[in-house]
Amino acid sequence: MVRLEPEDQDCVSDESGFKPTVAKAGVITCLEAGERRPERVGGVPGEAEPPTPEPLEVEVGGTALLKCGPSHSPGNFSHVDWFSVHKEKPTLIFRVRKGQGQSEPGEYQHRLSLLDRGTTLALAHVTPHDERVFLCQGKRPQSQEHRIQLHVYKAPEEPTIQVNPLGISVNSEEPEEVATCVGRNGYPVPQVIWYKNGRPLKEEKKRVHIQSSQIVESSGLYTLQSVLKAQLVKEDKDAQFYCELNYRLPSGNHMKESREVVVPVFYPAEKVWLEVEPVGVLKEGDRVEIRCLADGNPPPHFTISKQNPSTQEMEEKATEDNGVLVLESARKEHSGLYQCQGLDLETMASLPSEQQELLVNYVSDVRVSPAAPESREGGSLALTCEAESNRALEFQWLREKTGQVLEKGPVLRLHNLQRDAGGGYRCVASVPSVPGLNRTQLVRVAIFGSPWMTSKERKMWVKENTVLNLSCEASGHPRPSISWSVDGTAHEQDQDPQSVLSVLNVLVTPELLETGAECVASNFLGRNTTTIFLELDSNRTTGLSTSTVSPYTRANSTSTEKKLPEPESKGVAIVAVTVCVLVLAVLGAVLYFFYKKGKLPCGRSGKQEITLPPSRKSEFVVEVKSDKLPEEMGLLQGSTGDKRAPGDQGERYIDLRH
């Protein structure tokens, strides 16, 4: 301890009678006024070695408990002064008098408090600036002093690492930057260690160099930045680099690791080769990629060539991407020998790959003979299927409209052909050894015959003065032509080579309602017709009506009427007619009663006389006139079903005998 002379301005007397002196180690001590100074130790007159301060460790933000002497030492702490020493300069920060504490103005004024009956001074919210020596002095029973060295710690944040995005060439003669590691807000400065593939790196002349620097933040914390430079080789292209920060806390030693990074390493190619995707057996229609690869980084400039089967020369193929030839739909013409060529743009050296054969399996030229088969009813046909392939083929025949397998083999034999045997037949040529490789050919069999009609008769409910579409479908071989019995605009649509659909656009007129429309289909073998009857529907809304036909129900010279739903208004009319009949029956009975009484004269106006046989002289007939439509009045006909006379204007006779 260095004693200062009485004239030293750093030792100031106070009411306690102590004079603080400054030791070289930054420790404050004070001597009671008039106390004898000890002699110097170690051969230096008047100087003694100061005792080692008691260490105290605390984390940033925590509370440091400064004890004035060891816990086992006796002493009176009712009169104590506390000092902080910074840059060998003591500063009074706290006084204890009679067990009561008082902070001195300054940086510690609001962070100090007294604990344990005055033996402990608590320093709250510790910062890195608090790492210094604190000293306490007591007066009674004798002068005492105790020094505490406060050590402050703060764990750094997780280290961040940034790899060199430009990469490193193996041809570089000096170590180049691999990555930079940063650890922020630690205290004291942490130690950094670099790793490659899990092994620590050490400084190595002209091979590995680690350059670290630190920044002191305004908070007193440190930010560490470390740059790793190294000379890399081709084998380091996949090397994993990371950094590790080692630091200490009151609880012990700790460490944090960064993520692993890979730095781009550039090296020339030594080998070029060719790959084909997908791997395995290829077939026509597959999407195929022919890709060039090399062991250099960056890869060289590639070209792809294919051998010309005629000249045996390699011809370059155009590619959209460097070293990738895409065959969107492979064909048999794509089979052959392919080769890649790699050009190093830095050294201008060219490296060829080995030639590789590409084989695209195919089935082509599926043919059926005869190409347009036709036969009369009751005849026979033999259909033969042929195809070409680089592998063994299998054949089978299917019925087009049902998908039913008819025959396995190249020949399909059809006997006793009828009209319904006409239509499509499909030959399927497949390669069993290559799943999914097949081709088909469709052939249509025509059976000679007069036209077949979809239906013989149809009834349609229409409204007068509306536009109507009438449709008619017919099939046969040769393909029939269709004509209509009424004027209108007709449009024909081919359903298949033997079928045709005709649509007639007409205006509903009284003449059309009376005659209906007839569709006539004909070829040189005969003709057939479909009649469409039109009925007025007064309850239907005005609009365009279109008839539809089914292409699957066919009739040849056979009446087939398509059932149409009766309109709701028809049922209402029937009920009304029934009520009228009942009313007329009652009226007839009344008339008959008056007639028997002789009170009702019987005139001849509006009555048709009927001559009865002698056995029926006693039977009477009552005449009733009706305004009902003919089709409604049909309900009033006798049970014998007699038709109305041509001159009858709606008169009906009701037999009242029963």
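Under the annotation held in an unreviewed UniProt entry, the chain carries the name Cell surface glycoprotein MUC18 and is attributed to Lynx canadensis.

**Student:** Outline the overall build of the chain, supporting the account with residue identities and numerical values.
**Tutor:** Looking only at helices and strands, the chain features three helices and 50 strands. Going through the 658 residues of the chain one by one, you find that 38% of them count as buried. Pairs at least 24 apart in sequence give 62% of the contacts found in the chain among residues at least 6 apart.

**Student:** A description of the sheet that holds strand β6 (residues 89-97) should follow, citing residues and the corresponding values.
**Tutor:** Neighbouring strands of a sheet are bound in pairs by backbone hydrogen bonds; such pairs are parallel or else antiparallel. Here we have six strands laid out as an open sheet, ordered β3-β11-β10-β5-β6-β7, and mixed in their pairing. If you trace the sheet from one side to the other, it starts and ends with β3 (54-59) and β7 (100-103), each paired once. Sheet twist, expressed as the mean angle between neighbouring strand axes with direction ignored, is 25 degrees.

**Student:** Tell me about the pairing of strand β18 (residues 222-230), and please be specific about residues and values.
**Tutor:** Counting buried residues in β18 gives seven out of nine residues, a clear majority hidden from the surface. Note that strand β14 (residues 176-186) and β18 share eight bridges and pair antiparallel. The residue of β18 that forms the bridge with Val182 is Gln225. Two strands pair when backbone bridges link them, and strand β17 (residues 208-216) and β18 are joined in this way by nine bridges, in the antiparallel orientation. Note that in β18 the partner of Ile210 across the bridge is Leu228. A loop of five residues connects β17 with β18, the two strands running antiparallel in sequence, and Gly220 in this loop sits at a positive phi of about 90 degrees.

**Student:** Residue-level account of the state of the cysteines, with values.
**Tutor:** Evaluation of the coordinates by the stated rule reveals five disulfides. Paired by a disulfide, Cys181 and Cys243 hold their sulfur atoms 2.0 Å apart. Handedness here is read from the sign of the S-S torsion; for Cys181 and Cys243, about 65 degrees, the answer is right-handed. Of this pair, Cys181 sits in strand β14 while Cys243 is found in strand β19 (residues 241-249), placing the two residues 62 residues apart along the sequence. The class of Cys181 is buried, set by a relative accessible area of 1%. Here the disulfide map of the chain reads 1-2, 3-4, 5-6, 7-8, 9-10, the bonded cysteines being numbered as they appear in the sequence.

**Student:** Outline the sheet that holds strand β22 (residues 272-277), supporting the account with residue identities and numerical values.
**Tutor:** Reading across from one edge, β22-β24-β27 is the order of the three strands in this open sheet, with antiparallel pairing throughout. Two strands close off the open sheet at either side, each with one partner strand: β22 and β27 (324-327). Taking the axes of each pair of neighbouring strands and ignoring which way they run, one obtains an average angle of 15 degrees across the sheet. Relative to strand β24 (residues 288-294), β22 is paired through six bridges, and the arrangement is antiparallel. Bridge pairing in β24 places Glu277 opposite Glu289.

**Student:** Describe in detail the pattern of salt bridges, supporting the description with residues and values.
**Tutor:** Counted by the stated rule, this structure contains 20 salt bridges. Between Lys283 and Asp286 there is a salt bridge whose closest N-O contact spans 3.1 Å. Of the charged contacts in the structure, one is a salt bridge between Glu284 and Arg439, with a shortest N-O distance of 3.2 Å. A residue pair is termed long-range when its members are at least 10 positions apart, and Glu284 in the loop between β23 (282-283) and β24 and Arg439 in strand β39 (residues 438-453) qualify at 155 residues. Residue class for Arg439 comes out partly exposed when judged on its relative accessible area of 30%. The network of salt bridges with common partners includes Arg287, Glu289, Arg291 and Glu328.

**Student:** Talk me through the environment of Ser226; I want residue IDs and the actual numbers.
**Tutor:** Tracing the backbone shows Ser226 in strand β18. Overall, Ser226 belongs to the buried group, its relative accessible area being 1%. Taking the C-alpha atoms as reference, Ser226 lies 8.6 Å from Ala179; in sequence the two are 47 residues apart. Residues within four places of Ser226 in sequence aside, it is in contact with Ala179, Thr180, Cys181, Val192, Trp194, Ile210, Gln211 and Ser212.

Definitions and cut-offs
Residues numbered from 1 in each chain as written. Predicted model: local features only at pLDDT ≥ 70, side-chain atom pairs only at ≥ 80, totals over all residues. Heavy atoms only, no water. Helix = DSSP H or I, 4+ residues; strand = E, 2+ residues; numbered from the N terminus. Buried < 20%, exposed > 50% of the residue type's maximum accessible area, 1.4 Å probe, protein only. Contact = heavy atoms within 4.5 Å. Pairing = 2+ DSSP bridges. Axes fitted to C-alpha atoms, helices over the stretch in contact; angles between N-to-C directions. Disulfide = S-S within 2.5 Å. Salt bridge = Lys/Arg side-chain N within 4 Å of Asp/Glu carboxyl O.

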